[in-house]
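One letter stands for each residue in the lines below.
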Amino acid sequence: EGVLVEMKGVGVEPNPATWTSMVDFHGKRNDERAALGVVQRMKDAGSNPTISTFNSLLSMYARLGNLEKALRIRDSLSKGGWAMDAHTYGSILVLRKELGDIDGALEDWRMMREAGVQLDAFVASKLLQVSSRAHQRLPAAVDVLLGVLDAVPPQGINGHVMCAAARGLVKHIGEPAEVRRRLELLLLKSRAGGGVGV
């Protein structure tokens, strides 16, 4: 907060990135009141929050285990027509996984695909963990695994995480031929492209 005073003292107004950094700082300390206070001050100063601002809040609520507030933010963004990214969906997906809400996580995956959101390696690894726990919902679990194999470049995937997710499925249902074929292809690409192998 002292940074704001110093900035204003030399005639520099904070921009959205400055405000978002402050939200993120308080969010990482799980200080909900301070983080929301910064967002309000940001708005009062005439600076509009960005998707990164909201993502910082979502990350905070994921750490706090507060799915209700995280979903409220996401629903508000959706109604407002915001272009949500992998981080927006990923924070909620990770929270659902931690809470054991596998059906909700699979629904988030469906929403991400429908929105055309590009997966990053972090969210992909969490989706793979979801797929390994979703063996009782076999078609959805295989769909997640194959979707991640299609969506993420080989160098962005940790081969150990990928194989752990596949083993989680194999343990319960035997290895679907399509999963085997895609995994073999992924590992070949990963080795050729310098990705992480197994």
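Residues numbered from 1 in each chain as written. Predicted model: local features only at pLDDT ≥ 70, side-chain atom pairs only at ≥ 80, totals over all residues. Heavy atoms only, no water.

## A word on the layout of surface pockets
In step 1: Reported here for the largest pocket is a volume of approximately 270 Å³.
In step 2: Of the residues contributing to the lining of the largest pocket, the split by class is 7 nonpolar, 1 polar and 4 charged.
In step 3: Of the voids in this model, the second largest pocket is the one considered here, and its volume is about 170 Å³.
In step 4: As for the second largest pocket, its lining consists of Ser59, Ala62, Arg63, Ala86, His87, Gly90, Ser91, Val94, Asp120, Phe122 and Val123.
In step 5: The set of elements that each furnish at least two residues to the lining of the second largest pocket consists of α4 (51-64), α6 (86-99) and α8 (121-133).
In step 6: Among the elements that take part in the lining of the second largest pocket, α6 stands out by supplying 5 residues, more than any other.
In step 7: Taken together, the residues that form the lining of the second largest pocket break down as 5 nonpolar, 4 polar and 2 charged. (1 Å grid on protein atoms, 1.4 Å probe; cavity = no way out; pocket = protein on both sides within 12 Å on 5 of 7 lines; lining within 4 Å. Points joined across faces, edges and corners; volume = space filled by probe spheres on them. Nonpolar A, V, L, I, M, F, W, Y, C, P; charged D, E, K, R; others polar. Helix = DSSP H or I, 4+ residues; strand = E, 2+ residues; numbered from the N terminus.)

## Looking at the packing of helix α2 (residues 16-28) against α4
In step 1: The geometry of α2 relative to α4 is characterised by a closest axis approach of 9 Å and an angle of 0° between their N-to-C directions. The orientation of α2 with respect to α4, classified from their angle, is roughly parallel. Note on element contacts: α4 touches α2 through Ser52, Thr53, Ser56, Leu57, Met60 and Arg63, opposite Thr20, Val23, Asp24, Gly27 and Lys28. (Axes fitted to C-alpha atoms, helices over the stretch in contact; angles between N-to-C directions. Parallel < 35°, antiparallel > 145°, perpendicular 65-115°, else oblique. Contact = heavy atoms within 4.5 Å.)

## Notes on the side chain of Ser47
In step 1: Inspection of the secondary structure puts Ser47 in the loop between α3 (32-44) and α4.
In step 2: Leave out the neighbours within four places in its chain, and Ser47 touches Asn15, Pro16, Trp19 and Met42.

## Observations regarding the environment of Ala115
In step 1: Looking at the element boundaries, Ala115 is found in helix α7 (residues 102-115).
In step 2: Residue classification places Ala115 among the partly exposed positions, given a relative accessible area of 48%.
In step 3: Separated by 31 residues in the primary sequence, Ala115 and Met84 place their C-alpha atoms 8.3 Å from one another. (Buried < 20%, exposed > 50% of the residue type's maximum accessible area, 1.4 Å probe, protein only.)

## Section: α2
Because each turn of an α-helix spans 3.6 residues, side chains separated by three or four positions in sequence point in the same direction.
In step 1: Here α2 is 13 residues long and its end C-alpha atoms lie 18 Å apart, about the 18 Å a rise of 1.5 Å per residue gives.
In step 2: Among all positions in α2, only Thr18, Trp19, Thr20, Met22, Val23, His26 and Gly27 are buried.
In step 3: Two to three positions downstream of the cap, the backbone nitrogen of Ala17 sits 3.0 Å from a side-chain oxygen, assigning the N-cap of α2 to Asn15.
In step 4: In the segment just after α2, Asn30 is the residue with positive phi, at about 60°. (Expected span 1.5 Å × (residues − 1). Polar contact = N/O pair within 3.5 Å; in protein donor to acceptor, adjacent residues only side chain to side chain.)

## Regarding the packing of α4 against α6
In step 1: At a closest axis distance of 9 Å, the pairing of α4 and α6 adopts a crossing angle of 5°. Taken together, the axis directions place α4 and α6 in an arrangement best described as roughly parallel. Here Ile51, Asn55, Leu58, Ser59, Tyr61 and Ala62 of α4 come into contact with α6, specifically with His87, Thr88, Ser91, Ile92 and Leu95.

## Details of α6
In step 1: The end-to-end C-alpha distance of α6, which contains 14 residues, comes to 19 Å, matching closely the 20 Å that a straight helix rising 1.5 Å per residue would cover.
In step 2: The buried fraction of α6 is high, at 11 of 14 residues.
In step 3: Those residues of α6 that fall on the buried side of the exposure criterion are Ala86, Thr88, Tyr89, Gly90, Ser91, Ile92, Leu93, Val94, Leu95, Arg96 and Lys97.
In step 4: Its side-chain oxygen placed 3.1 Å from the backbone nitrogen of His87, Asp85 serves as the N-cap of α6.

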